[in-house]
Amino acid sequence: MKIARASIVWMLLLLALCVNTAFAQTLEFWGFADNRNKWYQAMAEEFKKIYPNVTINIRSFPYEEMHNRLQAALIAGFGAPDIADVEISRMGQFVKGDQVGFVPLNDLIGDEINNLYTGAATAPWTWQGNIYGIGNELNAVLMFYRWDLYENAGLEHPGTTWEEFIENGKKLAATGVKTLAINDQGWEYWWIIASAGNGFFDSQGAVAADNEFGRKTLQLLYDLLHTHEIAMVAPLDAAYYGAMQADAFAVHLGAPWYQGFMKDNAASLAGKWKMMPLPVFADGSGAPTATHGGTGTVITNQSRYPDIAWEFIKFANLTVEGQIAAFNMANLFPTYTPAWTDDRLYRTDDYFSGQRPAEIISQVAPLIPPLNNSPYWPEVTDAFTRLVITPVLQNTTTIDRAMQDFRREVDRIMR
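Below, the structure is looked at part by part. Because the structure is a prediction, the values reported are computed rather than measured.

Cut-off values and rules
- Residue positions within a chain follow its written sequence, with the count starting from 1.
- Since the coordinates come from a predicted model, pLDDT governs what is reported: local features require at least 70, and pairs of side-chain atoms require 80 or more to be given and counted, while whole-chain, interface and lining totals use all residues.
- In computing side-chain properties, one takes all heavy atoms of the structure into account and sets aside hydrogens as well as water.
- Secondary structure elements are defined from DSSP: runs of H or I of at least 4 residues count as helices, runs of E of at least 2 residues count as strands, and each element is numbered from the N terminus.
- Throughout this description, buried means an accessible area under 20% of the type-specific maximum (1.4 Å probe, protein chains only), exposed means over 50%, and partly exposed covers the range between.
- Any two residues whose heavy atoms approach within 4.5 Å are treated as being in contact.
- Within this scheme the basic residues Lys and Arg register as positive and the acidic residues Asp and Glu register as negative, but His and the chain ends are omitted.
- For charged residues, the charge sits on one atom: NZ in Lys, CZ in Arg, CG in Asp, CD in Glu.
- We treat two strands as partners when DSSP finds at least two bridges between them.
- A fitted line through C-alpha atoms serves as each axis, taken over the contacting stretch for helices, and the angle formed by two N-to-C directions is quoted from 0 to 180°.
- Each crossing gets its hand from how the near helix is turned against the far one by less than a right angle, where anticlockwise is left-handed and clockwise is right-handed.
- Each residue gets one label: Ala, Val, Leu, Ile, Met, Phe, Trp, Tyr, Cys and Pro are nonpolar, Asp, Glu, Lys and Arg are charged, and the others, such as Gly, are polar.

## Concerning the overall build of the protein chain
Phase 1 of the analysis: Summing up its helical and strand segments, the protein chain has 16 helices and twelve strands in all.
Phase 2 of the analysis: In terms of overall dimensions, the protein chain has a C-alpha envelope of 100 × 50 × 40 Å along the principal axes.
Phase 3 of the analysis: In the protein chain, buried positions account for 53% of the 415 residues.
Phase 4 of the analysis: Once local pairs closer than 6 in sequence are excluded, the contacts in the protein chain between residues at least 24 apart make up 72%.
Phase 5 of the analysis: Taking the 30 positively charged and 45 negatively charged side chains of the protein chain as two groups, their mean positions are separated by 6 Å.

## Examining the environment of Ala-325
Phase 1 of the analysis: As for its position among the elements, Ala-325 is in helix α13 (residues 320-330).
Phase 2 of the analysis: With 21 residues separating them in the primary sequence, Ala-325 and Tyr-346 have C-alpha atoms 13 Å apart.

## Topic: the sheet that holds strand β10 (residues 249-254)
Phase 1 of the analysis: Reading across from one edge, β9-β8-β10-β7-β11 is the order of the five strands in this open sheet, with mixed pairing throughout. Across the chains shown, the open sheet's two edge strands, defined by having one partner strand only, are β9 (232-233) and β11 (273-276).
Phase 2 of the analysis: Across two bridges, the pairing between strand β8 (residues 178-182) and β9 is parallel. Bridging across to β9, Ile-182 finds its partner in Val-233.
Phase 3 of the analysis: With respect to the sheet, helix α10 (residues 238-245) is in contact with β7 (142-146), β8, β10 and β11, its orientation differing from that of β10 by roughly 130°.

## Some points on the sheet that holds strand β1 (residues 25-31)
Phase 1 of the analysis: Ordered by their spatial adjacency, five strands build an open sheet running β2-β1-β3-β12-β6, and the pairing between neighbours is mixed. Every interior strand has two partners, whereas the edge strands, β2 (54-60) and β6 (134-135), have only one.
Phase 2 of the analysis: Where β1 lies against strand β3 (residues 83-87), two bridges are found, and the strand directions are parallel. Within β3, the position partnered with Trp-30 by the bridge is Ala-84.
Phase 3 of the analysis: Here helix α3 (residues 63-76) sits on the sheet in contact with β1 and β3, set at roughly 120° to β3.
Phase 4 of the analysis: Strands in contact with helix α12 (residues 306-317) are β1, β2, β3, β6 and β12 (295-299); relative to β12, the strand with the most contacts, it is inclined by about 155°.

## Here we look at the packing of helix α2 (residues 34-50) against α12
Helix packing geometry: the angle between the two helix axes and the distance between the axes.
Phase 1 of the analysis: Where α2 contacts α12, the axes come no closer than 10 Å and their chain directions differ by 115°. Seen from above, α2 lies across α12 with right-handed handedness. Two secondary-structure elements touch here, α2 through Trp-39, Tyr-40, Met-43, Ala-44, Glu-46, Phe-47 and Ile-50 and α12 through Ile-308, Glu-311, Phe-312, Phe-315, Ala-316 and Asn-317.
Phase 2 of the analysis: Across the contact of α2 with α12, the residue classes tally to ten nonpolar, one polar and two charged.

Dropping the structure here:
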C-alpha cells in the first residue's frame, strides 16, 4: 500500500511537471532592425502580462547574417526560429522553389484584412495568393526640405512638379546650396519609379525597371547631377549627415521611419525642416508618394507554437495600442487603419517645424501605388544598380547602353 501511495505521489508530481512544462513556452524571434527589435521587446513584455507562461526571446542579428541564417535553417529543415522579421527586398529569396518555409496567414488574418492598408501590410509578403508576412509600416515617401534655405533663396518650397523642382533648384544653387544629395546606388531612382505604379516589376512579375517611365526617371536624376548641376552625389554613412548639417543640400526624400534617423544624426537642424508630398511630372505621370522599405513578420513552418506565435504577432500588429507604441518608439506609421483615428497619432513634431506628420502621411497614403514583388527581386535590383544606376549617374555610360546591358543580364537571370 505504501508503495502504491508513493507511486501515486510520484505520478502526480510528474503530471504537475508536465503541465507546467506544457504551459511554459519560449518562442524564438529573429530580427535585424534595432528600432523594430526594441518595439517588439516592449510588446513581448506587455504580452507576458496576458500570457505569463510565454516568453518571446527577441534575438538581433546583422541584416545579411539574419536573412542568410534564416534561409539556411529553412533549407536544412531545422534550426529556424518561431517568428522572424523579413525585409521587403529579401522576401523574394524565400519564395523560390516549390516549398515556402513560412505559415500562410490568410485564414489567421481573416476579416482583419479589411482593417489593413494591404499595399504595405501584406502585398510585399504575398506570393501566389498566400500571405506569408504582415508589415506594420505604411512607408509613404515624402519630401523633407529645409524651409529656411529655400526662404533664403526667395522660395516657399522645392516645387510640386519635377519641372518646378528643377527651376527652383537653379535659384537655390545660386545661394550655394544643392537640392538633392543623390545616392548613386539607386535610392532616389527607386522612390521615383515606385511612384509610377510599377517599381522594378509589373503586376505579372515581369521586369519593368527599363520601361519608359524608368528611363524618364533615370534621365531626371542624370540631369539634376550633370545637366543642371543642382544636385550632388551623396556622401556615405556619417558623412551624409555631416553634409546635411553643413547646409550642403536642402532636400531629402524618405519614408516616415527615416525621420527618426534625421533626429538621431542631425539633431542640430530641429525646426528647420518641413515635409510635403513628392513632386510629379508636369504631364501628370507619377504619384505624390511611393513606398520605401518595409519589414514583414512571419511564422516559420518549424515553429512548435504557431498558434501562440500568431497571437503575439496579432497583439503587436493588429491592435491600436501596439501600433501607437510602434509610432511613438520608431516613427512607424501604422498599416492598421483603426489606429488612424487615434488622436495620439496626430501629434505635432517640433523637428518638422510644428507640422503633424501623420496628417500628411494619411492624406497621401491612399495614393501609394501597389508594390509588385518577385522571386528574382535580389538579383534584378542588384543588376540594375550595378549595370544602370551607378554607371549612368557616375557618367561612365549612356542610358541606352546601360539599359541594353541590363536587359541581357535579366535574360540570363531568368534563364
